[in-house]
Amino acid sequence: MNSSKSPSDVPLKEEVITEKRTPAGETPPSRPPQDSYGQLAMSRIRSSMEQVYGITMFGLKFFRYVFVPPYEWSQVRKHFDELGAKSIPLLTIVGVIMGLILALQSRPTLDRFGAGGFLPAMIALTIVRELGPVITALIVAGRVSSGIGAEVGSMKVTEQIDALEVSGIDPYNYLVVTRVLACAIILPLLTAYLDFLAIFGGYIAEWISSSSSMQLYFTEVVQSLTFYDVIPGVGKTVAFGYIIGLIGAYQGYNTSRGTEGVGMAATSAVVLASLNIIFLDMVIIQLTILILGPGT
Amino acid sequence: MSETEIQPLIEVQNVYKSFGDLDVLKGVSMQVHSGSSDVILGRSGIGKSVLLKSIVGLLIPDSGNIEVMGHQVIGMKASALNKLRKSIGYVFQYAALYDSLTVRENLAFPLQRHSGVDEEEVNARVIEQLRLVGLESAIDKMPSELSGGMKKRIGLARAIITKPSIVFYDEPTAGLDPITAREISELILNLEEQFGITSITVTHDLECARTIANRIYILDAGVFLISGTFNELKESMEPTTRKFFKVVA
Ligand SMILES: Nc1ncnc2c1ncn2[C@@H]1O[C@H](COP(=O)(O)OP(=O)(O)OP(=O)(O)O)[C@@H](O)[C@H]1O
Ligand SMILES: [Mg+2]
């Protein structure tokens, strides 16, 4: 790690080399002695530890930058449009269908227990607390993390990041902070949008099967939802958005030379972001239960 | 150094840089004085770009010392480095144009960032620079619509639009036809003579080196093999140097 610049810097630039030097891809001609397996395992572990450390430092740096000028609002606005607004068509379709399916599948079971009347409440709670945030985050991760990874990655390999830097512009602030911020702001809005559509999808199913009244359905929905369902549900998506933007940008920023690296950055960004979202969701659920009590 | 001697504008002392097992620079030293235009020759992959990038702080050497305008570049604080970089222009080997911006925006970008320049002036400067490199017609094109040589010239225009006092040119004439290449060499010479720009140029183009160089360095196996004026090197008996100059002999 000898080539990053600002003193505070995360090892940004030459991870690649360390990675290349691990004997991971080589197949030894004969069965290697015992300790080389050990070495292989060690070097694997070390390189993943390095990556975890790298991402953590990269992510913490965001908080040092985001509250201090210069602010790049015009860039953030641009990303709102590119990252957020363009996800809307997909989210619309998924949202409605998700609610529809949920209602269709749950109705017979609920009826069997004589609890059919709870259907609106059940849909609302499932969607708002859990499915809405996670599905939105995963969909946006698929679209946006890879997009950011590829975009930043190609800027890296074509030296555009270097070009920003020599013209005295901090590329982290200009490229990373803006994207992460845009994601963290836009994701709660997209989640709220998907939640609404999914609940509406649930109504469509109800209307098809029993032509129940919209007013009744939505009254039940609203009554069943409390502050403590909505706020943690939508609130955690701020963290999901942060992860989506951050991991995309990190993978892009650490792209090795060449176009092949750009593709890899895009793919690994989606995988990593999705895993982290699921993991973080689990942690947040535990925390919510701990703080607000199991009843909520 | 004796006290009567002027402080060099760029001073590189004993710089080492390696990537993993690959030792690229192994003790490079050079001094560039204000207003001078120095040229680095060397075979492909020998580390010329790495040296230029080290001088502007894009790469951090493993050891050695680099001073630009009296500032220690290695270990410099990011904010101070950014300030120093405002008086530096850098022409990237592969242009490195921002591919989401048009040519006009690419050129305007560094200017708008250095506050105090109003919109009208930005526009005027953009057009002026494009005229210098002969590409006014490309003003509203995207970088993806340009040829390699055109990108190169836009990259050059972008590097000098802020009127820097030091410019680094990484192969400014590579991939250009002989006529354009000569025009670019003359442009570089002009900038030096008119505005007193100090520059370091990496090139394989001996015509360009002949036109602009006050002093030429040959980088080989991680160190400067030899340095001198064009004519001195042309007469040199040193074998590698002779190989470089055979073409023009
Ligand atoms: N970021 C990097 N990571 C790993 N290796 C690098 C990096 N940058 C340069 N190198 C290696 O350093 C050596 C010198 O590269 P450099 O780009 O300086 O060559 P050059 O002299 O500019 O060649 P050319 O004339 O072809 O541009 C090459 O072997 C290259 O592979
Ligand atoms: Mg080079």
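See the structure shown above.
Report on the accompanying structure. Small disclaimer: the values here were computed from a predicted structure and weren't measured. (Residues numbered from 1 in each chain as written. Chains lettered and ligands numbered in written order. Predicted model: local features only at pLDDT ≥ 70, side-chain atom pairs only at ≥ 80, totals over all residues. Heavy atoms only, no water.)

## What about the coordination of the magnesium ion (ligand 2)?
Around the magnesium ion (ligand 2), the donor atoms from the protein are Ser 49 of chain B (OG) and Gln 93 of chain B (OE1), and they sit 1.9 to 2.2 Å away. Residue Ser 49 of chain B is located in helix H1 (residues 48-55), and its partner Gln 93 of chain B is located in the loop between strand S6 (88-91) and helix H3 (103-113); the two are separated by 44 residues in the primary sequence. (Donors = N, O, S within 2.8 Å, 3.2 Å for Na, K, Ca; no water. Helix = DSSP H or I, 4+ residues; strand = E, 2+ residues; numbered from the N terminus.)

## Brief notes about the sheet that holds S6 of chain B
All names here are of chain B. The strand order S6-S7-S8-S3-S9-S10 describes an open sheet built from 6 strands, whose pairing is mixed. Edge positions in the open sheet fall to S6 and strand S10 (223-228), since each of these has one partner strand only. Adjacent strand axes in the sheet meet at a mean angle of 15°, parallel and antiparallel pairs treated alike. (Pairing = 2+ DSSP bridges. Axes fitted to C-alpha atoms, helices over the stretch in contact; angles between N-to-C directions.)

## Some points on the site of ligand 1
Within the structure, ligand 1 sits among 16 residues, and Ser 44, Gly 45, Lys 48, Ser 49 and Gln 93 of chain B are positioned closest to it. Residues near ligand 1 are shared among chains A and B, making this a multi-chain site. Here an oxygen atom of ligand 1 sits 2.7 Å away from a polar atom, N or O, in the main chain of Gly 45 of chain B. In the complex, 75% of the free accessible area of ligand 1, which totals 630 Å², lies under the protein chains. Going through the elements one at a time, strand S2 (22-32) and H1 of chain B are the ones with two or more residues in the shell around ligand 1. (Near = heavy atom within 4 Å. Polar contact = N/O pair within 3.5 Å; in protein donor to acceptor, adjacent residues only side chain to side chain. Areas by Shrake-Rupley, 256 points an atom, 1.4 Å probe, with all protein chains shown as cover.)

## Side note on the interface of chain B and chain A
With 31 residues of chain B at the contact, the number on the chain A side is 24 residues. Summing the contributions of chain B and of chain A, the shared interface buries around 2,300 Å²; its carbon and sulfur component is 53%. Across the chain B-chain A interface, the total number found is 4 salt bridges. The shortest N-O distance in the salt bridge between Arg 85 of chain B and Glu 165 of chain A comes to 3.5 Å. For the side of chain B that touches chain A, the secondary structure elements donating two or more residues are strand S1 (10-19), helix H2 (78-85), S6 and H3 of chain B. Of the residues belonging to the side of chain B that touches chain A, the class tally is 16 nonpolar, 6 polar and 9 charged. (Contact = heavy atoms within 4.5 Å. Buried area = accessible area lost by both parts, 1.4 Å probe. Salt bridge = Lys/Arg side-chain N within 4 Å of Asp/Glu carboxyl O. Nonpolar A, V, L, I, M, F, W, Y, C, P; charged D, E, K, R; others polar.)

## Notes on the sheet that holds S1 of chain B
All names here are of chain B. Strand order across the open sheet formed by 4 strands is S2-S1-S4-S5, with antiparallel pairing between neighbours. Looking at strand neighbours, the two that pair on one side only are S2 and strand S5 (71-72), the edges of this open sheet. Relative to S5, strand S4 (residues 63-68) runs antiparallel, the two sharing 2 bridges. Residue pairing for S5: Glu 67 is matched across the bridge by Gln 72. Where H1 meets the sheet, its contacts fall on S1, S2 and S4, and the angle it forms with S2 comes to roughly 60°.

## Overview of helix H4 (residues 88-112) of chain A
Residues and elements named next belong to chain A. Counted at 1.5 Å a residue, the expected span for H4 with its 25 residues is 36 Å, and the 37 Å between its end C-alpha atoms agrees. The sharpest bend along H4 comes to roughly 35°, located at Ser 106, with the proline Pro 108 sitting one to four residues further on. Of the surrounding elements, those touching the buried residues of H4 are helix H5 (119-157) and helix H7 (171-210). Positioned one or two residues after H4, Gly 114 has a phi angle of 65°, which is positive. (Expected span 1.5 Å × (residues − 1). Bend = angle between axes of the 7 residues up to and from the residue.)

## Some thoughts on the packing of H3 of chain B against helix H4 (residues 119-132) of chain B
Residue and element names in this part refer to chain B. Contact pair H3 / H4: the axes reach a minimum separation of 9 Å and the direction vectors enclose 125°. With respect to H4, the axis of H3 lies oblique. Remark: the crossing between H3 and H4 carries right-handed chirality. Listed contacts from H4 to Val 103, Arg 104, Leu 107, Ala 108, Leu 111 and Gln 112 of H3 are Glu 119, Val 122, Asn 123, Arg 125, Val 126, Gln 129 and Leu 130. Partitioning the contact of H3 with H4 into residue classes produces 7 nonpolar, 3 polar and 3 charged. (Parallel < 35°, antiparallel > 145°, perpendicular 65-115°, else oblique. Left-handed = near helix turned anticlockwise from the far one by under 90°.)

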